[in-house]
Amino acid sequence: LAHGLLFFAFDILVLYALPGAILYTMRDWPVRRLVRMGVALLVVQIVLVIPVLMAPEAPDDLTELERMVMTSGSFADVAVFRAISFASIFPILLLFQGASALGWFCLGLAAVKSGLIDRPDHPLWARARRWCLGPGIALSLGAAAVMQWGPGVLGDVLLSIVAPVATIGYLGAIAAVARAPGPVMGALLTAGGSSLSVYLGQSIILSTLFAPYGLGLWGDIGPAAAVALAVGVTVALILALVVWRRFFALGPFEWILRRIARIGARHV
């Protein structure tokens, strides 16, 4: 919640925590039931996303307020604006992305319970590569092109419909390259175990760089520079965590989360 209110209004941590809590109640479900529920929720998400994306865009005065706050506001001004944005955006995200997240969580739990997740040579992954990877990438690029040069809403709708196909294809591709990691990949995988620290680090660093209380880059750099900055910060965080994990068992935010989760717990 602090992340969404102070740094990034499109926070996914609360959005994933709620479906995760619901998934816990499904932990004893059989595999077939989990698969049916997962597929049904993905279909529901596609149905729900269309009216949400068709909603009118933010009025010009709100956009102007955002520009003013992000170029000349104080930390308190920016925090209040982000808090209001988070409170406005979260119910919409929960409506359709929450359903999608819970659907994928159900399918993931089914893959774990069936042992499929531990078998990269399973024929299902080969079929996923063959039937979903190419079409998923091609259709995703087409949807992105529509978003960029055509009706943006139509592109969003197409991307939401195509996303499950592309995701299944990506999973098949990951299975194809799954093997015992070498030293370099092993270090990167260890850093990947601290993905919470990477995610929060991105928001804290980049929001500070763009905010008026930081470097004030809001509106001053183009898309290419923004992408380069984002990639550079991400790579730097991953490398920093590779070093960090040589000395500590957990990433910094993973340690904080564990401490919070264990408040009031009884240890035997």
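Everything discussed here concerns the structure shown above.
Residues numbered from 1 in each chain as written. Predicted model: local features only at pLDDT ≥ 70, side-chain atom pairs only at ≥ 80, totals over all residues. Heavy atoms only, no water.

Draft legend 1. Region of the structure containing the pattern of salt bridges. Considering all chains together, one arrives at one salt bridge under this definition. Taking the shortest distance from any N to any O, the salt bridge between E64 and R67 comes out at 2.8 Å. Of this pair, E64 and R67 both sit in helix α4 (residues 60–72), three residues apart, which is roughly one turn of that helix. A relative accessible area of 40% places E64 in the partly exposed class. Looking at R67, the relative accessible area reads 40%, which means it is partly exposed. (Salt bridge = Lys/Arg side-chain N within 4 Å of Asp/Glu carboxyl O. Helix = DSSP H or I, 4+ residues; strand = E, 2+ residues; numbered from the N terminus. Buried < 20%, exposed > 50% of the residue type's maximum accessible area, 1.4 Å probe, protein only.)

Draft legend 2. Fine view of the environment of W244. Looking at the secondary structure, you find W244 in helix α10 (residues 223–247). With a relative accessible area of 32%, W244 lands in the partly exposed category. Sequence separation between W244 and G73 is 171 residues; the distance between their C-alpha atoms is 35 Å. Sequence-distant contacts of W244, that is, excluding residues within four places in its chain, are made with L250, G251 and P252. (Contact = heavy atoms within 4.5 Å.)

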